Amino acid sequence: MTTVPMKIIAKIHTDFKEKFGIPRQSGLVEELEGKIVFEPEYRNLDALRGLEDFSHLWLLWQFSESIREDWSPTVRPPRLGGNERMGVFATRSPFRSNGIGLSCVKIKKIENKKEWGPVITVAGADLLEGTPIYDIKPYLPHVDCIPEAKAGFSARNEDYHLTVEIPEEQLEKIPTEKQKALRGILAEDPRPAYQSDRERVYGLHFAGYEIHFTVAGKKLLVKNISKSTDNQ
């Protein structure tokens, strides 16, 4: 059997040091920014020639925190409560035979940095800090967008959002440019669907801060925001 070698061409830098809180799909929170920095052998500006004429990218990347030797033909999608099984190939679960992720992100700018070479700043990324990227391809709206496509079981929660309340004295602890992104992350409800304890205080690491919150019904209340004290 012929194997196809996979090379890491870049890594992305984001505000997420852990998986909890990362939006379940790309593009859900456009205010989230990431910077794609190429590995030394790929720091050639010619490789990006023409990319400035596109608005969006496809990223092919590695589920680097979910690597395992075995695999299961079925998984439990969190949005279905964690009790209903679906075929792994009918989901975007990270627990699959090959840990490859696919994300569509918006290009914000392309720069040539002296210390890093070409750097692509993107919006809407759903990736962990340091995630390895295998490939980058332009998004082509005339072929990649299919308005009449069916969404399967994922359509059940398509319009699900929480109302987010952040007391002003807590919100002002977060840099202004990060506040919209934080609201967007929380509105998507980072909890697994099977967790519904309204007394439980959840903790989320974002942009160097610890966000503690509770959820009652469809209302999320931020209880406290503090600077992270560890390396999460």
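So, a few notes on the structure that sits alongside this text.

Conventions and cut-offs
- Residues numbered from 1 in each chain as written.
- Predicted model: local features only at pLDDT ≥ 70, side-chain atom pairs only at ≥ 80, totals over all residues.
- Heavy atoms only, no water.
- Core = buried A, V, L, I, M, F, W, Y, C linked by side-chain atoms within 4.5 Å.
- Buried < 20%, exposed > 50% of the residue type's maximum accessible area, 1.4 Å probe, protein only.
- Helix = DSSP H or I, 4+ residues; strand = E, 2+ residues; numbered from the N terminus.
- Contact = heavy atoms within 4.5 Å.
- Polar contact = N/O pair within 3.5 Å; in protein donor to acceptor, adjacent residues only side chain to side chain.
- Pairing = 2+ DSSP bridges.
- Axes fitted to C-alpha atoms, helices over the stretch in contact; angles between N-to-C directions.
- Salt bridge = Lys/Arg side-chain N within 4 Å of Asp/Glu carboxyl O.
- Phe/Tyr/Trp six-rings, centres within 6.5 Å; stacked < 30°, edge-to-face > 60°.

It is worth spelling out the nonpolar core at this point. By size, the foremost hydrophobic cluster in this structure holds 25 residues, and its most contacted members are L186 and I211. Among the secondary structure elements, those contributing two or more residues to this core are α3 (176-187), β10 (202-206), β11 (209-216) and β12 (219-227). Here this core gets five residues from one element, more than from any other, and that element is α3. One finds F38, F63, I107 and A125 within the second-largest nonpolar core, a separate group that totals 19 residues.

The next thing to look at is the environment of K35. Locating K35 in the fold gives a position in strand β2 (residues 33-38). Along the sequence, K35 and I120 sit 85 residues apart, while their C-alpha atoms lie 5.7 Å from each other. Among residues more than four places away in sequence, those in contact with K35 are K11, I12, H13, K109, V119, I120 and T121. A polar contact is formed between the side chain of K35 and the side chain of T121, at a distance of 3.0 Å.

Turning to the sheet that holds strand β6 (residues 100-113), a few remarks are in order. Pairing is antiparallel around the closed barrel formed by six strands, whose spatial order is β1-β2-β7-β6-β3-β8. Ignoring which end each strand starts from, the neighbouring axes of this sheet average 45 degrees apart. Pairing analysis gives seven bridges linking β6 to strand β7 (residues 117-123), with the strands arranged antiparallel. Residue pairing in the sheet places K106 in a bridge with A123 of β7.

So, about the pattern of salt bridges. All chains considered together, the criterion is met by nine salt bridges. Here D46 ties to R49 by a salt bridge, and the two come within 2.8 Å at their closest N and O atoms. Of the residues examined, R49 reaches a relative accessible area of 65% and is grouped as exposed. A salt bridge links E111 to K109, with the nearest nitrogen and oxygen atoms 4.0 Å apart.

Right, let's talk about the packing of aromatic side chains for a bit. Counted according to the given criterion, the structure contains four aromatic pairs. Geometrically, the ring pair formed by F16 and F206 is tilted, given 5.6 Å between the ring centres and 50 degrees between the ring planes. Taken together, the positions of F16 in the loop between β1 (10-13) and β2 and F206 in strand β10 put the pair 190 residues apart, joining distant regions of the chain. The interplanar angle of 45 degrees and the centroid separation of 5.7 Å between the aromatic rings of W58 and Y139 together place this pair among those described as tilted. Here W58 is found in strand β3 (residues 56-62), whereas its partner Y139 is found in the loop between β8 (131-138) and α1 (141-144), with 81 residues between them in sequence. Overall, Y139 belongs to the buried group, its relative accessible area being 19%.

What follows covers the pairing of β7. Across the seven residues of β7, seven count as buried, placing the element largely inside the fold. In terms of strand pairing, β2 meets β7 through five bridges, oriented antiparallel. In the strand pairing of β7, E33 is matched with A123.

A few words now on unusual backbone geometry. Located in the positive-phi region is D189, a residue other than glycine, with phi close to 60 degrees. Turning to its location among the elements, D189 is positioned in the loop between α3 and β10. Here D189 falls in the buried class, since its relative accessible area comes to 3%. The backbone phi angle of A207 is positive, close to 55 degrees, even though this residue is not glycine. Within the secondary structure layout, A207 lies in the loop between β10 and β11.

Now for the pairing of β3. Of the strand pairs in this sheet, β3 and β6 are connected by seven bridges, and their pairing is antiparallel. Looking at the pairing, H56 lines up with K106 of β6. Both β3 and β8 contribute to a ladder of five bridges, which runs antiparallel. Paired with W58 across the bridge in β8 is K137.

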